Amino acid sequence: MKKYVSYYRVSTQQQGNSGLGLEAQKRIVKNFLSSDDILVEEYEEIESGKKNDRPQLLKAIKRCQDDSAILLIAKLDRLSRNASFIFTLKDAKIDFVCVDMPEANSVTIGIMAVLAQDERERTSQRTKAALAELKRRGVKLGSPQNLTKEARTKAKQATILKALSNVNNRKATALIVSLRKDHLSYRKIAQQLHESGFKTSENKDFSGSQVMILYKRFCKNTSSM
């Protein structure tokens, strides 16, 4: 028998009001729990992933500490994308489980947080630089309202696909870095990724060379931070 405290998060008030995001997470948690497990308490939060002030998550952590329970999260991306917040969770010294990535631990999510934060900052810098260059050239910048419905749909689909790819790469990189600490070769790590169900952004198996690229990219990013 295990005791759990669940934490659910959605990013917008609209998602929170609709209940769609929360209900999906609750179903994932319910399916994960066995008949002998006890769900002590559930905490819900509507907040941006970029912010660190998560009062409900802090309450969930405190409840876990008081009841010797395990923090249960439906999806790993529900955690903050800010590295400092992940390390706060790590410093809380509680056990936690992410249903979609049960092998994750404080080391792997810390790596993912660093990568996610770096990626967000670089994307923001590139976007600002591109907009500044367009403005310098005298290009009149439009708004989404000026786009056709088809163009907006395609842009939204492209954004979703890119996000999924980035999340997958972050999860794969976290596992790669963890396995490299055990001195596994890139080829053997690629095998482990295959056995764990990881795919590239093109839905193919990772090769040793691709594993090496992700690992070196991580090392370069962390050394420059």
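Source: prediction; values computed, not measured.

A. Fine view of the side chain of Ser-6. Relative to the assigned elements, Ser-6 resides in strand S1 (residues 3-10). Of the polar contacts made by the side chain of Ser-6, one reaches the side chain of Tyr-8; its length is 3.0 Å. Setting aside residues up to four positions removed in sequence, Ser-6 forms contacts with Val-29, Leu-39, Glu-41, Glu-42, Tyr-43 and Leu-72.

B. Highlighting helix H3 (residues 55-67). Given a rise of 1.5 Å per residue, 13 residues ought to cover 18 Å, and the 18 Å separating the end C-alpha atoms of H3 matches this to within 8%. Where H3 is concerned, the buried positions are Leu-57, Ala-60, Ile-61 and Cys-64. Relative to the axis of H3, the buried residues are bounded by an arc of 100° and lie together on one face. Two residues or fewer past H3, Ser-68 is found with a positive phi of approximately 55°.

C. View of the packing of aromatic side chains. Per the stated rule, a full pass over the model turns up two aromatic pairs. Ring geometry for Tyr-4 and Phe-32: centres 5.9 Å apart, planes at 85°, overall edge-to-face. Of the two residues, Tyr-4 sits in strand S1 while Phe-32 sits in helix H2 (residues 20-32), which places them 28 residues apart along the sequence. The aromatic ring of Tyr-186 is capped on one face by Arg-180, whose charged end is 4.3 Å from the ring centroid. Across the ring face of Tyr-215, the terminal group of Arg-180 is positioned such that the distance to the ring centre comes to 5.2 Å.

D. Representation of the nonpolar core in the model. Formed by 38 residues in total, the largest nonpolar core has its most connected members in Leu-71, Leu-193 and Val-211. Sort the elements by how many residues they give to this core and helix H6 (residues 149-180) lands first, with six residues. When sequence neighbours within four positions are dropped, the list of residues in contact with Val-211 reads Ile-176, Tyr-186, Ile-189, Ala-190, Leu-193 and Phe-206. Val-29, Leu-33, Ala-74 and Val-97 belong to the second largest nonpolar core, which has ten residues in total.

E. Representation of the pattern of salt bridges. Taken as a whole and assessed by the stated rule, the structure comprises five salt bridges. Between Arg-63 and Glu-41 there is a salt bridge; the shortest N-O distance is 3.5 Å. Here Glu-41 lies in strand S2 (residues 38-46) and Arg-63 lies in helix H3, a separation of 22 residues in the sequence. Take Arg-63: its relative accessible area is 26%, and that puts it in the partly exposed class. A residue is classified by how much of its surface remains accessible, and Glu-41, at 32% relative accessible area, is partly exposed.

F. Spatial organisation of the environment of Met-212. Structurally, Met-212 is set in helix H8 (residues 208-223). Take Met-212: its relative accessible area is 30%, and that puts it in the partly exposed class. The sequence separation of Met-212 and Ile-189 amounts to 23 residues, and the corresponding C-alpha distance is 9.5 Å.

Thresholds applied
Residues numbered from 1 in each chain as written. Predicted model: local features only at pLDDT ≥ 70, side-chain atom pairs only at ≥ 80, totals over all residues. Heavy atoms only, no water. Helix = DSSP H or I, 4+ residues; strand = E, 2+ residues; numbered from the N terminus. Polar contact = N/O pair within 3.5 Å; in protein donor to acceptor, adjacent residues only side chain to side chain. Contact = heavy atoms within 4.5 Å. Expected span 1.5 Å × (residues − 1). Buried < 20%, exposed > 50% of the residue type's maximum accessible area, 1.4 Å probe, protein only. Arc of directions from axis to C-beta. Phe/Tyr/Trp six-rings, centres within 6.5 Å; stacked < 30°, edge-to-face > 60°. Lys NZ or Arg CZ within 6 Å of the ring centre and 35° of its normal. Core = buried A, V, L, I, M, F, W, Y, C linked by side-chain atoms within 4.5 Å. Salt bridge = Lys/Arg side-chain N within 4 Å of Asp/Glu carboxyl O.

None of the figures reported here should be taken as evidence of function without further support.
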